[in-house]
Amino acid sequence: MNLRLLLALTAVFSCGQPQPVNNYPYQYVETKQEENNEMLLFAYNDSINPATLQQFCKEKKDSFKSGFFHFIVIFDKKENAVFPKNPLTAMYGMDKDALMHIRAIYTFNKLNGYSKLTMYEKNAYESAPVVTDIH
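The rules we used
- Residues numbered from 1 in each chain as written.
- Predicted model: local features only at pLDDT ≥ 70, side-chain atom pairs only at ≥ 80, totals over all residues.
- Heavy atoms only, no water.
- Pairing = 2+ DSSP bridges.
- Helix = DSSP H or I, 4+ residues; strand = E, 2+ residues; numbered from the N terminus.
- Axes fitted to C-alpha atoms, helices over the stretch in contact; angles between N-to-C directions.
- Contact = heavy atoms within 4.5 Å.
- Buried < 20%, exposed > 50% of the residue type's maximum accessible area, 1.4 Å probe, protein only.
- Lys, Arg positive; Asp, Glu negative; His and termini not counted.
- Salt bridge = Lys/Arg side-chain N within 4 Å of Asp/Glu carboxyl O.
- Polar contact = N/O pair within 3.5 Å; in protein donor to acceptor, adjacent residues only side chain to side chain.
- pLDDT = per-residue confidence, 0-100.

Caption draft 1: Representation of the sheet that holds strand β4 (residues 102-109) within the structure. Spatially, 6 strands are ordered β1-β2-β3-β4-β5-β6 in an open sheet, and the strand pairing comes out mixed. Edge positions in the open sheet fall to β1 (27-34) and β6 (129-133), since each of these has one partner strand only. Going across the sheet, the axis of each strand differs from the next one's by a mean of 15°, ignoring polarity. Where strand β2 (residues 37-43) lies against strand β3 (residues 69-75), 6 bridges are found, and the strand directions are parallel. Note on β3: the bridge partner recorded for M39 is F71. Lying on the sheet, helix α2 (residues 50-63) is in contact with β2, β3, β4, β5 (115-120) and β6; it crosses β5 at an angle near 145°.

Below, the structure written as structure tokens:
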């Protein structure tokens, strides 16, 4: 009888376990919301693996349930991660101090499905952008 109970409990708990969450190397810094827009800042000071970053952005995209614009900005170091001086949707403009430390920007517009990851070899100020669609 105890064996049946143990087997039943094992079956219940094994079916109800949540799926493991991927561990990504990006360090969360802060989130800011303006009206229906949201920006998440992360830091990562190592070589960026494009496939890993694309998967990270896809998973984040799938988690955005409300709002219009969502941005993920990857900076080189936590202490350099800042929000734009402009409204979030205007991004960083020509703010050299911020652009010198931005390694990647993911933009998702929930209204029209626009979903692009822009990566930079060195930083957003000195490097040409490499843009990838995130589906």
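Caption draft 2: View of the side chain of E38. Here E38 lies in strand β2. No salt bridge is formed by the buried E38; the nearest opposite charge belongs to K60, separated by 8.7 Å. At 3.1 Å, the side chain of E38 and the side chain of Q33 are in polar contact. Contact partners of E38, with chain neighbours within four places excluded, come to T31, K32, Q33, F64, F69, H70, F71 and L88.

Caption draft 3: Spatial organisation of the pairing of β1. Across 7 bridges, β1 lies against β2 in antiparallel orientation. In the sheet register, T31 faces β2, and the bridge partner there is L40. Between β1 and β2, which follow one another and run antiparallel, lie 2 residues, and E35 among them has a positive phi close to 50°.

Caption draft 4: Quick peek at the confidence of the model for the protein. With 84% of its residues at a pLDDT of at least 70, the protein reaches an overall mean of 87. Per-residue pLDDT stays below 50 along residues 5-20; that stretch engages in 0 contacts with residues further than four places along the chain or on separate chains.

Caption draft 5: Molecular detail of the pattern of salt bridges. Summed over the entire model, instances satisfying the criterion amount to 5 salt bridges. Of the charged contacts in the structure, one is a salt bridge between K58 and D62, with a shortest N-O distance of 3.3 Å. Here D62 and K58 lie together in helix α2, a separation of 4 residues that amounts to about one turn. As a salt-bridge pair, D95 and K85 come within 3.8 Å of each other at their nearest N and O atoms. Of this pair, D95 sits in the loop between β3 and α3 (96-99) while K85 sits in the loop between β3 and α3, placing them 10 residues apart in sequence.

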